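Residue-level structure breakdown
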Amino acid sequence: MNEFAMIFRNTFQPEAKFSPEEMQNIMQQWQAWMGGMAAKGQLASSGNRLGSDGKTVRPSAIVTNGPYAEVKEIIGGFIVVKASSIDEAAELAKGCPTLTVGGNVEVRSIIPMGAN
Amino acid sequence: MQEKELIPYLYRTEFRKITAVLCRLFGIEHITIAEDIVGDTFLLAAETWGLKGVPANPAAWLYIVAKNKTRDFLKRNTIFNEKVSPHVQYSTDESHEIEVDLSSTNINDSQLQMMFAICYPGIPPESQIGLSLRILCSFSIDEIADAFLTNKETINKRLYRAKEKLKQDKVQIEMPPASEIGKRIETVLTTLYLLFNEGYYSSSRNTVLTKDLCLEAMRLTHMLTENESTDKPEVNALLALMCFHASRFDARVDKNGELILYEDQDISLWNSELIKQGERYLNRAAKGELISRYHLEAAIAYWHTAERDSPEKWEKVLSLYNRLLMVEYSPIAALNRTYALAKVYGNEAAIIEAEKLGLDQNHLYHLLLGELYSEAERQKAIWHFTTASKLTKTSADRTVIRKKIEKLKH
Amino acid sequence: MKEFAMVYRSEPMGEIKLTAEGNMEVSKEWENWMGSAAAQNKLVSPGLRLGNEGRVVKPGNVVTNGPYAEIKEIIGGLSVFRADSIEEATERAKSCPILNVGGNVEVREIIQMNG
């Protein structure tokens, strides 16, 4: 079993667009997806959800406001899963709720760092 | 051996062995009864041997008497008998007597199992150490009180509460299953490391006692390496670490009992046998990919014994402290890292790093800054040393600091 | 105290060096930079170092090969730090070694679960 990172991206959507019922639905979708993987021992880490503010630091200490915005999509969060191959991890990613609202999931291999 | 030392010597080596076997026999609810039976055995030994001379095989005598006392106790307490732990062996004769197995295998197994039972996260660390000293190391209550620089009543209360909690939580005296052993060993190692540090960093003047604490910690850690299911890389790493530290016992303290700092120690007083042992265990620890904090600390200790001063050493030590801090933060590691950084990148760079540590209530922080400012800004150095002196709690430290200030003023 | 993720981006750096045990070989600069934060008790987690293998999953079960390439840059890894403010975290990011190879650091606040 190896570990793979899943990074969720979407264009920035202010929460006000969704009704409470729709938001409840979104939450349940995430819980079902994460819970399903956890139950099968496929979830290594529930990772973090990132706030929409940000700063980007570039060489020569140039700092711009806002998340990295070379493209329209920004990172919403990430998790770590266990799978026997990157393609198997990609299969898991197909169930990610961000895809139903136009987002995408980047799946990447992880290089072990060795420390306990 | 002189006869007046015989009982204390046997007490130290045999009390823990017999007690461990009886604890396991009776179960966690009756540790005190086990202690009492063994205590009574030794009392009988003192009285009988004083009268009739020491037997040819004193340890065997103790074992026979302890077995007899146990059988007598169980006969007198039939209700107790019925509830005794399922590990009890019954002999085949009609009297259904309880067999007390004092073979070396059972003694070893019992001690290991007691180690796991005692190093239970549900009781505070100092209670784990206290119980370990009592049950696993045969320390008397007085000796434990000395070790913790407190009094008998405090220790008695502490041990009583700990035993009650173990009873309450129904802690089992058994080897943890293979799936849990990694996690359980963590707790045991933490306790053994704390025990070692109690001795190594103790401000007690009783150097015989403090050395004893370290040696006991090493003996118990060594026991883990001798058993296949507990002979893990991190256990070997911890033992290596202890060996390296212990190798400097005789060089650390001068004839007046005052601390000698590492850089001033007489290398010829370092115990090369212990250093070799440390290297041996460090090699044994180098199995598998996971590096525990003990691996990192042992490697640092290794570099300190290998040589005093060289650019390569300090680069390695800095790297090891970086990695150690990434695994777990501690103010001491943060300060030591900064010292290593000074050796590699110079005092100015280290001062900048030091001032970001947020440790200005810590006397060691001021000691470090005093060192770092010593060459370039003497007044600042003296100010920091003086502050360190005000913040420290031990007179040994104050003496060391006073000497540093004097050195600067000349 | 808040927690901040730092996401490291740069152009793909080619083959990644591993130690004999198969772990990431960390350069002195990275180790010192992280170690400095750790010494201040401000490193929450060294985080993840991402390999060159990747897939991007899009709506409609579309899967493409390779890491997500934002123009020419890809994410090399991320770590989590402690700081009182995003300004403090940003200050720290200015000494991140990724900047020495023309990369950049995105600093984002982490949404805490426990208030």
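Residues numbered from 1 in each chain as written. Chains lettered and ligands numbered in written order. Predicted model: local features only at pLDDT ≥ 70, side-chain atom pairs only at ≥ 80, totals over all residues.

1. Some words on the overall build of chain A
Put simply, the rule reads: Each helix corresponds to a stretch of at least 4 residues labelled H or I by DSSP, and each strand to a stretch of at least 2 residues labelled E; elements are numbered beginning at the N terminus. Counts of 20 or more other C-beta atoms within 10 Å of a residue's own C-beta define buried residues, counts of 12 or fewer define exposed ones, and intermediate counts define partly exposed ones; C-beta atoms are placed from the backbone.
Looking only at helices and strands, chain A has two helices and six strands in total. Of the regular secondary structure in chain A, the N- to C-terminal order runs β-α-β-β-β-β-α-β. Taken along the three principal axes of its C-alpha coordinates, chain A extends 45 × 40 × 25 Å. Across the 116 residues that make up chain A, the buried fraction comes to 33%.

2. Some remarks on the nonpolar core
Looking at soluble globular proteins, one finds that nonpolar side chains tend to be buried together. Quick note on the threshold: Take the buried Ala, Val, Leu, Ile, Met, Phe, Trp, Tyr and Cys residues, join any whose C-beta atoms are within 7 Å, and the set you get is a nonpolar core. The domain boundaries here were taken from an automatic or database domain assignment. Whether two residues are in contact is decided by their C-beta atoms, placed from the backbone, lying within 7 Å.
Within the largest apolar cluster, 156 residues are counted, with the highest numbers of intra-cluster contacts made by M6 of chain A, A240, M242 and A298 of chain B together with M6 of chain C. Mapped onto the domain boundaries, this core takes at least three residues apiece from domain 1 (1-102) and domain 2 (332-410) of chain B. Residues in contact with A240 of chain B, not counting those within four places in the same chain, are G278, Y281, L282, A285 and A298 of chain B.

3. A closer look at the pairing of strand β3 (residues 55-58) of chain A
Basically, it comes down to this: Strand pairing is assigned whenever DSSP identifies at least 2 bridges connecting the two strands.
Pairing geometry for β3 of chain A and strand β5 (residues 104-109) of chain C, over three bridges, is antiparallel. When the bridges of β5 of chain C are listed, K55 of chain A appears paired with V107 of chain C. Two elements, β3 of chain A and strand β4 (residues 62-65) of chain A, share four bridges in a ladder whose sense is antiparallel. In the strand pairing of β4 of chain A, V57 of chain A is matched with V63 of chain A. In sequence, β3 of chain A turns back onto β4 of chain A through a hairpin of three residues, with S60 of chain A there showing a positive phi of about 65°.

4. Observations regarding the packing of helix α15 (residues 311-327) of chain B against helix α16 (residues 331-345) of chain B
All names here are of chain B. Selection rule: Here, axes are lines fitted to C-alpha atoms. For helices the fit covers the stretch in contact, and angles between N-to-C directions go from 0 to 180 degrees. Oblique is the label for every angle not falling under 35 degrees (roughly parallel), over 145 degrees (roughly antiparallel), or within 65 to 115 degrees (roughly perpendicular). Two helices cross in a left-handed way if the nearer one is turned anticlockwise from the farther one by less than a right angle. They cross in a right-handed way if the turn is clockwise. Note on residue categories: nonpolar means Ala, Val, Leu, Ile, Met, Phe, Trp, Tyr, Cys or Pro, charged means Asp, Glu, Lys or Arg, and polar means any other residue, Gly included.
Where α15 contacts α16, the axes come no closer than 9 Å and their chain directions differ by 150°. One element, α15, and the other, α16, form an angle in the roughly antiparallel class. When you trace α15 past α16, the crossing you get is left-handed. Side by side, α15 and α16 meet where W314, E315, V317, L318, Y321, N322, L324 and L325 of the first sit next to A333, A334, N336, R337, A340, L341, K343 and V344 of the second. Of the residues contributing to the contact of α15 with α16, the split by class is 11 nonpolar, two polar and three charged.

5. Examining the interface of chain A and chain C
Counting residues at the interface gives 37 residues for chain A, matched by 41 residues for chain C. Elements with a minimum of two residues in the side of chain A that touches chain C: β1 (2-11), β2 (43-49), β3, α2 (86-93) and β6 (104-110) of chain A. Considering every element that reaches the side of chain A that touches chain C, the biggest residue donor is β6 of chain A, with seven residues. Residue composition of the side of chain A that touches chain C, grouped by class: 21 nonpolar, eight polar and eight charged. Strand direction decides the pairing type here: β6 of chain A and strand β2 (residues 43-58) of chain C, joined by five bridges, are antiparallel. Residue pairing across strands places R108 of chain A opposite G54 of chain C, the latter belonging to β2 of chain C.

6. Concerning the confidence of the model for chain B
For the record, the criterion: What pLDDT expresses is the predictor's confidence in each residue, scored from 0 to 100.
Chain-level pLDDT for chain B is 88 on average; 93% of the residues reach the 70-or-more range. Under a pLDDT of 50 for its full length, residues 89-95 of chain B has, in the predicted model, seven contacts with residues more than four places off or in other chains.

7. Some thoughts on the pairing of strand β1 (residues 2-10) of chain C
All names here are of chain C. When β1 meets strand β4 (residues 74-83), the two strands line up antiparallel, connected through nine bridges. Paired with M6 across the bridge in β4 is S79. Sheet topology places β1 next to β5; six bridges connect them, and they run antiparallel. Bridge pairing links F4 to E109 in β5.

8. Topic: helix α8 (residues 152-168) of chain B
Residue and element names in this part refer to chain B. Definition in use: To estimate how far a helix should extend, the number of its residues minus one is multiplied by 1.5 Å. Starting at the helix axis, one direction is taken to each C-beta atom, and the arc is that of these directions.
In a regular helix each residue adds 1.5 Å, so 17 residues correspond to 24 Å; α8 covers 24 Å between its end C-alpha atoms and thus fits that length. Within α8 the residues assigned to the buried category are I155, R158, L159, A162, K163 and L166. When α8 is viewed along its axis, its buried side chains cluster within an angular range of 130° and face the same direction. Facing away from the buried side of α8, by more than 90 degrees, are the exposed residues E153, K157, Y160, E164 and Q168. Buried-residue contacts for α8 involve α2 (31-52), α5 (104-118), α6 (125-136) and α7 (141-147). In the stretch just after α8, K170 is the one whose phi turns positive, near 50°.

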